[in-house]
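Below, each chain spelled out in residue letters.
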Amino acid sequence: MLRRAMAEAGLADSGEEDLADTVLLLASELCDNATLHAGTEFEVDLSITEDEVRVAVTDHGAGPLELYLSQPRPRFGRAATHGRGLMLVAQLATSWGTRHDRDGGHRTWFTMARGDAPRADTPETPALLADVSEPLVEWPDTDQVRQLLHVPAALGVRVDMPTLVTELARRLREVLRADGITVEVDHGDGSGTSVLAQDGADPAEPVALPGVPAMEIALPLTSPLRGALRILPGAGAAVAPEIAELTAQRIALAVEMDWLRSADLRRRAWMAYLADASELFGQSMDVELVVALVPQVVVPRLGQWCAVYLLDEAGQPALAALTHAADDRIPDLRAALDPRPPADLSRQLDDILRGSPAPAWFSDPTDGIALGLTARARPIGALVVGRPAQRAHTPEDVALVGDIARRASLAIDNARNTAAHIATSQALQQALLPRALPTAPGVDFAAEYLPVTTGSDVGGDFYDVLDIDATHWLASVGDVCGKGARAAARTGMVRDVLRVLVREGRSLTRAVELLNDVMMDAGDPSQFCTLAVALISRPAGAPGLTVELVLAGHPQPVLVRANGTAELVGEYGTAAGLTTELRLTATRHLLFAGDTLLAYTDGVTERRAGREQFGSDRLLAAARTAAGQPAPQLIAAVRSAVETFSHSPRSDDIALLAIRAAGTA
């Protein structure tokens, strides 16, 4: 509207196009101020005479505008996003002022003298932006300023930070008509200052214009970022310190947003890295494997090499694992660190192992850091990491190494505790099984125990063979309900009570009844037991064996004849430990030469493949394939059939005991 009014008044046709552009610019700034700060409708009055152009903008706000705008504000930073309009008016107008009405409202006006160029000799105008070859300089082109302030919209696409900064530098150089512009940024990561964008001549080079130094504007960046916008003025440079400062703010905003985005991506990557490290450390309960994984996780992301020291039984640090980014350097590294590390590193390790929580820096065999490995408030070792290639460790690196050290300490301590628990469980499990099976003429024994766990817990299945005398043996296979220490204690009690009662001459049925009384006295019905007990006799002067069999809630054993037949034998009875009254039946069986009696626990017949069980029929079929063979071959055939039936992990322990009458079929 103003442009049309000035055109109708002949202002644009009288060779005063620049004056018309300046009037339009200042009028638009006053309109923006009225919109932003008054928030009301406003009127624009235009008056053109032979001597001057006068523009007045009247709003209906309730308070004095210039009192708000005259308050001190930082010149740089995100806070300085307003108040530029009146600065432009003060710089460019011939005269200006404001008027306040009692009933509310403000009128802000300015005049521009016709035939005179905009003022450029005010005290606030930096001399370095003045044209040294002309007495007066002109304000930048309005369209160029508008393009500079709307770079993303002008490009029409979302651009990355370097492209945006480069484009801002190019357009600022066009606006200021400078010889060169450079943007330098230091990211505070130890890499030093780098040139982010450069257009035209380098301001660091000798200035072509004598007496006019390069202009430098600090980029308002948040620590640790630092940067500067350097401008090399040229002949006829425009007066626009505000535009240069505003561009510096735009550049700083782009640099800082890109840095924050990169920092967020780095944090996400490190969080994923630490999560992966924890998962790797937790996948194994083997101490040596966990310790060996720690250097592999650290190198090369956090250093060129890494070593783990653990305290030995004497309380001295001993090298437990190490690696280097270059495989051919590992022997040299091991020679430098083992058996004793260099003096500098040794002193640091001593401080760490005495409980120092701070990272220790060393310089031999290379620069690096050492941190303590602590578990349950006591030192267990140290993590030593050589510096990354071509740089020292940053504070972020140190924090990450410390996090890895804490996770490794926890994993190593857990692995040690698990190893101790497994050793205890295995020792207890072995104590519940006979060290060796008896050997005697006319009878062969074979057994196998397959725990469902890898040794971290004690199973409830057991077998036992007691040598009563030269012609009598007590064999038993049982399954105590539950697992762990309670089941182990009950298993030991069942085995020992049976041994004592049978050795005292009690019959099998009576021995099991007395065992039941002992278990009932414990008052724990959840700890019952199923038993298959056999009293084996070798008649004098007669071939084969006589077997008296009692089943207390246990699966029927398989009698495998040497001729290839197999059958289930024995009569079911009541499990021990469930009720005070038992129903037990003793059965007698003759084993001729080559015949085998196979007792087992329910882990065999209840082995599952999907919804189908192994069952008794498959057991009998597997036993027939080994008819007439030695006892160990029969057990191996049954085990193979069970494992072939299903490849899924077993859910129950398995105990197998074979009793064979010696001789040939």
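All values derive from a computational prediction rather than experimental measurement.

J.: Looking at this model, I keep getting lost on the sheet that holds strand E13 (residues 378-386). Mind explaining?
T.: Working definition: the strands of a sheet are paired by backbone hydrogen bonds and lie parallel or antiparallel to each other. Spatial ordering of the open sheet is given by E10-E9-E13-E12-E11, a layout of 5 strands whose pairing is antiparallel. Both outer strands of the open sheet, strand E10 (317-324) and strand E11 (360-362), are each paired with one neighbouring strand and no more. With strand direction ignored, the average angle separating the axes of adjacent strands in the sheet is 25 degrees. In this sheet, strand E12 (residues 368-375) lies alongside E11 in antiparallel orientation, the contact comprising 3 bridges. Looking at the pairing, Trp 361 lines up with Ile 369 of E12. Docked against the sheet, helix H10 (residues 330-337) engages strand E9 (305-311) and E10, running at close to 160 degrees with respect to E10.

J.: Help me understand the pattern of salt bridges in this model?
T.: For side chains of opposite charge, pairing can occur when their charged atoms come near one another. Applying the stated criterion across every chain yields a total of 25 salt bridges. One salt bridge connects Arg 391 with Asp 397, and the closest N-O pair in it is separated by 2.6 Å. Overall, the relative accessible area of 35% leaves Arg 391 in the partly exposed class. The exposure class of Asp 397 is buried, given its relative accessible area of 2%. The salt bridge involving Arg 561 is made with Asp 595; its shortest N-O contact spans 2.7 Å. Note that Arg 561 is positioned in the loop between strand E19 (558-560) and strand E20 (566-568) and Asp 595 in the loop between strand E21 (586-591) and strand E22 (596-600), a separation of 34 residues in sequence. Like Asp 595, Arg 561 is buried. One salt-bridge network, held together by shared partners, links Glu 167, Arg 170, Arg 171 and Glu 174.

J.: I keep staring at the environment of Val 55 and nothing clicks. Help me out?
T.: By the secondary structure assignment, Val 55 is in strand E2 (residues 52-59). Take Val 55: its relative accessible area is 0%, and that puts it in the buried class. Residues Val 55 and Leu 26, 29 residues apart in the sequence, show an inter-C-alpha distance of 8.9 Å. Not counting residues within four places of it along the chain, the set of residues in contact with Val 55 comprises Val 23, Ala 27, Val 44, Asp 45, Leu 46, Thr 108, Trp 109 and Phe 110.

J.: Where do I start with the pairing of strand E25 (residues 654-661) in this structure?
T.: Along any regular strand, the residues point their side chains to alternate faces of the sheet. Burial analysis of E25 places 8 of its 8 residues in the buried class, the great majority of the element. Side-chain alternation along E25 places Ile 654, Leu 656, Ala 658 and Arg 660 on one buried face and Ala 655, Leu 657, Ile 659 and Ala 661 on a second face that is also buried. Two strands pair when backbone bridges link them, and strand E14 (residues 443-450) and E25 are joined in this way by 8 bridges, in the antiparallel orientation. Its bridge partner lying in E25, Leu 450 is registered against Ile 654. Across 5 bridges, E22 lies against E25 in antiparallel orientation.

Calculation rules
- Residues numbered from 1 in each chain as written.
- Predicted model: local features only at pLDDT ≥ 70, side-chain atom pairs only at ≥ 80, totals over all residues.
- Heavy atoms only, no water.
- Pairing = 2+ DSSP bridges.
- Helix = DSSP H or I, 4+ residues; strand = E, 2+ residues; numbered from the N terminus.
- Axes fitted to C-alpha atoms, helices over the stretch in contact; angles between N-to-C directions.
- Contact = heavy atoms within 4.5 Å.
- Salt bridge = Lys/Arg side-chain N within 4 Å of Asp/Glu carboxyl O.
- Buried < 20%, exposed > 50% of the residue type's maximum accessible area, 1.4 Å probe, protein only.

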